[in-house]
Amino acid sequence: MKKYVMALDLVNDPQLIKEYEDYHRAVWPEIKRSILDAGVTQMEIYRFENRLFMNMEVGEDFSFERKSAMDAANEKVQEWEQLMWKYQAAIPGSKPGEKWVMMNKIFELV
């Protein structure tokens, strides 16, 4: 099992943040299915103010390239992603058009 931690910002507007959370309390079933089909076994998103952190556990067959290709071919995922851009803001240091950015682990208590 691999784990990835990613970050993203939201547009800093309380009403938009509420709408974003509402969407994530009732994620479309097609979106959940696409995540699972890509090999993601566990996903959690946490928020502090307008900053999001996502923990994602994946199976051995998971790859970001495969997930991207699957998402590009899925009309419902494209609709969801377009809708989410209303609420999402690129995090400082991200590339143009990039949403979630990978975080580097700097400590682990073992």
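Residues numbered from 1 in each chain as written. Predicted model: local features only at pLDDT ≥ 70, side-chain atom pairs only at ≥ 80, totals over all residues. Heavy atoms only, no water.

The protein chain is annotated in an unreviewed UniProt entry as L-fucose mutarotase of Sphingobacterium ginsenosidimutans.

Q: How do you make sense of helix H4 (residues 75–84) when you look at a structure like this?
A: The α-helix advances 3.6 residues per turn, and as a result positions three or four apart in sequence lie on the same side. Among the residues making up H4, those that are buried are Val 77, Trp 80 and Met 84. Buried positions in H4, seen along its axis, are confined to an arc of 60° and lie on one side of it. In H4, the exposed positions that point more than 90 degrees away from the buried face belong to Glu 75 and Gln 82. Where H4 is buried, its residues contact helix H1 (14–25), helix H2 (29–37), helix H3 (64–72) and strand S4 (88–89). A side-chain oxygen of the first residue of H4 lies 3.0 Å from the backbone nitrogen of Lys 76; this N-cap is Asn 74. (Buried < 20%, exposed > 50% of the residue type's maximum accessible area, 1.4 Å probe, protein only. Helix = DSSP H or I, 4+ residues; strand = E, 2+ residues; numbered from the N terminus. Arc of directions from axis to C-beta. Contact = heavy atoms within 4.5 Å. Polar contact = N/O pair within 3.5 Å; in protein donor to acceptor, adjacent residues only side chain to side chain.)

Q: Just checking my understanding: could you explain unusual backbone geometry for this structure?
A: What you tend to see is this: most non-glycine residues have negative phi, and most peptide bonds are trans. Residues other than glycine seldom take positive phi values, yet Glu 49 does so here, at roughly 55°. With respect to the helices and strands, Glu 49 occurs in the loop between strand S2 (40–48) and strand S3 (51–58). For Glu 49, a relative accessible area of 52% corresponds to the exposed category.

Q: When you look at the side chain of Gln 88 in this model, what are you seeing that I'm missing?
A: Here Gln 88 lies in strand S4. Given the relative accessible area of 6%, Gln 88 is considered buried. Here the side chain of Gln 88 touches Tyr 20 through a polar contact of 3.2 Å, side chain to side chain. When neighbours within four sequence positions are excluded, Gln 88 is seen to be in contact with Leu 8, Asp 9, Leu 10, Val 11, Tyr 20, Lys 99 and Trp 100.

Q: Whenever I open this one, the pairing of S3 confuses me. Can you help?
A: Each regular strand shows side chains that alternate between the opposite faces of the sheet. Covered by surrounding structure in S3 are Leu 52, Met 54, Met 56 and Val 58 only, the residues Arg 51, Phe 53, Asn 55 and Glu 57 on the alternate face being uncovered. Bridging between strand S1 (residues 2–10) and S3 involves eight bridges; their strand directions are antiparallel. When the bridges of S3 are listed, Leu 8 appears paired with Leu 52. The sheet contact formed by S2 and S3 spans eight bridges and is antiparallel. Residue Tyr 46 lies in a different strand from S3, and its bridge partner there is Phe 53. Between S2 and S3, which follow one another and run antiparallel, lie two residues, and Glu 49 among them has a positive phi close to 55°. (Pairing = 2+ DSSP bridges.)

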